[in-house]
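Read off the chains here:
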Amino acid sequence: QAQLVESGGGLVQAGGSLRLSCAASRLTFSGYAMNWFRQAPGKEREFVAGIRWSGGTYYVDSVKGRFTISRDNAKNTAYLQMNSLKPEDTAVYYCNVPVAGTDYWGQGTQVTVSS
């Protein structure tokens, strides 16, 4: 069973930065796309950013120019660099790897941005 573990969340002031990590185990990470989602209190989980196995990236409009997704296949780890954070970025952030019709999720990491 594949396992994903996120880390790097925390409390930051508006305008600050955080870098989230997602470490995969029992999964050949390099062969798959990897995504970040987030869920704010009272809201549905939403897509934030994704990176294909080839390295191509895609983002939701609200984070373009502020967030950068990357991956290190040798370390089986993906990252989400978040700059110019806003209070509306406050949420639990989850990494996701879709594998042959099955979605693997991490446990989530809390990001709180104070105004």
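Structure report, in brief.

How each quantity is defined
- Residues numbered from 1 in each chain as written.
- Predicted model: local features only at pLDDT ≥ 70, side-chain atom pairs only at ≥ 80, totals over all residues.
- Heavy atoms only, no water.
- Helix = DSSP H or I, 4+ residues; strand = E, 2+ residues; numbered from the N terminus.
- Rg over C-alpha atoms; globule rule 2.2 N^0.38 Å.
- Contact = heavy atoms within 4.5 Å.
- Lys, Arg positive; Asp, Glu negative; His and termini not counted.
- Charge placed at Lys NZ, Arg CZ, Asp CG, Glu CD.
- Disulfide = S-S within 2.5 Å.
- Core = buried A, V, L, I, M, F, W, Y, C linked by side-chain atoms within 4.5 Å.
- Buried < 20%, exposed > 50% of the residue type's maximum accessible area, 1.4 Å probe, protein only.
- Pairing = 2+ DSSP bridges.
- Axes fitted to C-alpha atoms, helices over the stretch in contact; angles between N-to-C directions.

Moving on to the overall build of the protein chain. Looking only at helices and strands, the protein chain features 0 helices and 11 strands. Listing every helix and strand of the protein chain by position from the N terminus yields β-β-β-β-β-β-β-β-β-β-β. Compactness check: the protein chain gives a C-alpha radius of gyration of 13 Å against a globular reference of 13 Å for 115 residues, within 12% of the reference. Considering only C-alpha atoms, the protein chain reaches an extent of 40 × 25 × 20 Å along its principal axes. Long-range pairs, those at least 24 residues apart, make up 52% of the contacts in the protein chain with a sequence separation of at least 6. Of the side chains in the protein chain, 11 bear a positive and 8 a negative charge, and the two mean positions are spaced by 5 Å.

Right, let's talk about the state of the cysteines for a bit. Going through the model one piece at a time under the given rule, you end up with 1 disulfide. In this model C22 forms its disulfide with C95; the gap between the sulfur atoms is 2.1 Å. Every disulfide takes its handedness from the sign of the S-S torsion; for C22 and C95 that torsion is 60°, giving right-handed. Taken together, the residues span a long stretch of sequence, with C22 in strand 3 (residues 18-25) and C95 in strand 9 (residues 91-99) at a distance of 73 residues.

It is worth spelling out the nonpolar core at this point. If you look at the biggest cluster of nonpolar residues, it comprises 29 residues, and the most contacted ones within it are M34, W36, V48, F67, L80, M82 and Y93. For this core, the secondary structure elements donating two or more residues are strand 3, strand 4 (34-39), strand 5 (46-51), strand 7 (67-72), strand 8 (77-82), strand 9 and strand 11 (109-114). With 5 residues, the single largest contributor to this core is strand 9. Residues within four places of M34 in sequence aside, it is in contact with C22, F29, A49, G50, I51, I69, R71, A78, C95, N96 and V97.

Turning our eyes to something else, we now look at unusual backbone geometry. Backbone geometry places N76, a non-glycine residue, at a positive phi of 55°. Structurally, N76 is set in the loop between strand 7 and strand 8. Its identity as a non-glycine residue notwithstanding, S84 has a phi of 50°, on the positive side. Here S84 is to be found in the loop between strand 8 and strand 9.

Next up on the list: the pairing of strand 9. With respect to burial, strand 9 is a largely interior element, 8 of its 9 residues being buried. Across 5 bridges, strand 4 lies against strand 9 in antiparallel orientation. Bridge assignment links R38 to a residue of strand 9, and that residue is Y93. Between strand 9 and strand 10 (residues 102-105), which pair antiparallel one after the other, the connecting turn spans 2 residues, and A100 there sits at a positive phi close to 50°.

Our focus in this paragraph is the sheet that holds strand 7. Through backbone hydrogen bonds, the strands of a sheet pair up, either in parallel or in antiparallel fashion. Taken together, the 4 strands give an open sheet; going across it, the order is 1-3-8-7, and neighbouring strands pair in antiparallel fashion. Edge positions in the open sheet fall to strand 1 (3-7) and strand 7, since each of these has one partner strand only. In this sheet, neighbouring strand axes are inclined to one another by 15° on average, regardless of whether the strands run parallel or antiparallel. With 5 bridges joining them, strand 1 and strand 3 adopt antiparallel strand pairing. The residue of strand 3 that forms the bridge with V5 is A23.

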